[in-house]
Amino acid sequence: MTATRVLVLNSGSSSLKYQLIDMATHNRLAQGIVERIGEGEVADHTEALRIVSAELAAAGHGLDDPRLAVIGHRAVHGGTRFTEPTLIDDEVVAEMQKLVPLAPLHNPANITGIEVARALRPDLPQVAVFDTAFHATIPEAAARYAIDAATADRFQIRRYGFHGTSHAYVSRATAALLGRAPEEVNVIVLHLGNGASASAVEQGRCVDTSMGLTPLEGLVMGTRSGDVDPAVIFHLARTGGMGIDEIDGLLNKRSGLVGLCGDNDMREIGRRIGEGDASARLAFDVYCHRIRKYVGAFTAVLGEVDAIAFTAGVGENSAAVREASMRGLGALGIELDPVRNALRSTAARVISADDSRVAVAVVPTDEELEIATQAYSLLGGRTS
Ligand code: AMP
């Protein structure tokens, strides 16, 4: 019996998400989430993985199933050390520990998930797939911040970018939708979920992205500000008397859409706009203006753009955001077809007008499938 199954684990600070995928068919055999880890019933990640293991066994897919080929772990920050999917051993875990200062919220949870899974199945190959890896090809001119070089090097400060598995998957899927090879097209990917980022992908390689050292930079997000003048922080400290953790919380948790209007769900914002709510309207406008600005910037970075792909919760579902953020871009060769844009569907689809020089598409992301594919390929498995 050939082992064609991949268990994908996404271990967050208080949740553990899993999907069991058969790479021969891309079928999801099982999926679920254990939440509120450390807040009562589920004491820790060891307990959470035991629950996952029991759920899988109950569905006839126990962790000891010989058809299980590999466990693929989502890992957030790979720094400059991990630029490819990586077979996990003790040394890799030690190197990931060293990257914790770059992602203090995310990496410890990822590492815990890895350690718990290795303890349960020490004989099974396990692969870490890093959120930053797809962006490792960004040239220095785009990756470097213009700050004192010695300080930047000492503290590993540079643009790393995130949502890499999504940008990788969606840029390839967009090429496929156009009937082209990834190496033949330039794509701007707009990943608009609760977190949001844009990337410029030139012939299959990422050349720029909106997130930076951390996932705070770039587009307006559900609760994160995206780009602000860094001097806002000095001003809040000096004039507002705010501490660094307070400012961190302000920019990461109380900004973005929620900061502007009190809601971070685009559905609710749309409903309020319908009622004439001015702050919801402004939040929507700021959000779409930022997207438009990045599309212009990344058009300049790429020189020639074949496609713009909308993905994730907002990108896949909000025709209003797509319409507003593409409005007035005719000079860049971007023309939406209003009827195509308004159609609801879960399939990848083109929403631009036939005479639009740049194809605009909605391409649902699938980060779990991408992690599974990368982990499985690393072991020499062929994917369908
Ligand atoms: P994600 O992080 O990709 O799961 O995206 C979550 C976000 O997608 C939510 O916070 C909503 O703002 C947005 N979203 C989900 N469904 C819809 C919808 N039908 N219309 C507009 N926005 C949506």
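Residues numbered from 1 in each chain as written. Predicted model: local features only at pLDDT ≥ 70, side-chain atom pairs only at ≥ 80, totals over all residues. Heavy atoms only, no water.

Visitor: Which residues make up the site of the ligand, and what are the values?
Guide: Every residue lining the ligand is accounted for by Gly193, Asn194, Asn264, Asp265, Met266, Arg267, Ala312, Gly313, Val314, Asn317, Ser318 and Arg344. A distance of 2.8 Å is found between an oxygen atom of the ligand and a backbone nitrogen or oxygen belonging to Met266. A distance of 3.4 Å is found between an oxygen atom of the ligand and a backbone nitrogen or oxygen belonging to Val314. Relative to its free-state accessible area of 500 Å², the ligand is covered by the protein chains to the extent of 69%. Elements that contribute at least two residues to the shell around the ligand include exactly helix H10 (266–274) and helix H12 (312–317). The element best represented in the shell around the ligand is H12, accounting for four residues. Residue classes in the shell around the ligand are distributed as three nonpolar, six polar and three charged. (Near = heavy atom within 4 Å. Polar contact = N/O pair within 3.5 Å; in protein donor to acceptor, adjacent residues only side chain to side chain. Areas by Shrake-Rupley, 256 points an atom, 1.4 Å probe, with all protein chains shown as cover. Helix = DSSP H or I, 4+ residues; strand = E, 2+ residues; numbered from the N terminus. Nonpolar A, V, L, I, M, F, W, Y, C, P; charged D, E, K, R; others polar.)

Visitor: Describe the packing of aromatic side chains, naming the residues involved and giving the relevant values.
Guide: Any pair of aromatic rings gets described here by the distance separating the centres and the angle formed by the planes. Using the criterion set out here, one finds two aromatic pairs in the structure. Geometrically, the ring pair formed by Phe82 and Phe130 is stacked, given 4.7 Å between the ring centres and 0° between the ring planes. You can see Phe82 sitting in the loop between strand E4 (68–75) and strand E5 (86–87) and its partner Phe130 sitting in strand E6 (residues 126–130), a full 48 residues away along the chain. Since its relative accessible area comes to 1%, Phe82 is described here as buried. Residue classification places Phe130 among the buried positions, given a relative accessible area of 2%. (Phe/Tyr/Trp six-rings, centres within 6.5 Å; stacked < 30°, edge-to-face > 60°. Buried < 20%, exposed > 50% of the residue type's maximum accessible area, 1.4 Å probe, protein only.)

Visitor: Which residues make up the pattern of salt bridges, and what values go with them?
Guide: Tallied over the entire structure, the rule returns 26 salt bridges. Its salt-bridge partner being Glu47, residue Arg50 comes within 3.7 Å of it at the nearest N-O pair. Taken together, the residues span about one helical turn, with Arg50 and Glu47 both in helix H1 (residues 45–58) at a distance of three residues. Judged by its relative accessible area of 47%, Arg50 falls in the partly exposed class. Close ionic contact of Asp90 with Arg118 constitutes a salt bridge, the shortest N to O distance being 3.1 Å. Here Asp90, found in helix H2 (residues 90–98), pairs with Arg118, found in helix H3 (residues 107–120); they are 28 residues apart in sequence, far enough to count as distant. The class for Arg118 is partly exposed, based on a relative accessible area of 23%. Within this structure, Arg5, Asp22, Asp65 and Arg67 form a network of salt bridges that share partners. (Salt bridge = Lys/Arg side-chain N within 4 Å of Asp/Glu carboxyl O.)

Visitor: For the side chain of Ser11, give the residues involved together with the corresponding values.
Guide: Within the secondary structure, Ser11 sits in strand E1 (residues 5–11). Setting aside anything within four residues of it in sequence, one finds Ser11 in contact with Leu16, His45, Ala109, Asn110 and Gly113. (Contact = heavy atoms within 4.5 Å.)

Visitor: I'd love a proper account of unusual backbone geometry, names of residues and values included.
Guide: Phi at His26 takes a positive value of approximately 65°, unusual for a residue other than glycine. Within the fold, His26 resides in the loop between strand E2 (16–22) and strand E3 (27–34). Despite not being glycine, His163 has its phi angle at roughly 60°, a positive value. On the secondary structure map, His163 appears in the loop between helix H5 (149–154) and helix H6 (164–177). The class of His163 is buried, set by a relative accessible area of 11%.

Visitor: Account for the environment of Asp306, with residues named and values stated.
Guide: Relative to the assigned elements, Asp306 resides in the loop between helix H11 (278–302) and strand E10 (307–311). For Asp306, a relative accessible area of 21% translates into the label partly exposed. As a C-alpha pair, Asp306 and Ala359 span 53 residues in sequence and 6.1 Å in three-dimensional space. Ignoring any residue separated from it by four or fewer positions in sequence, one finds Asp306 in contact with Arg180, Glu184, Val185, Asn186, Arg357, Val358 and Ala359. A distance of 2.7 Å separates a polar atom in the side chain of Asp306 from the backbone nitrogen of Asn186.

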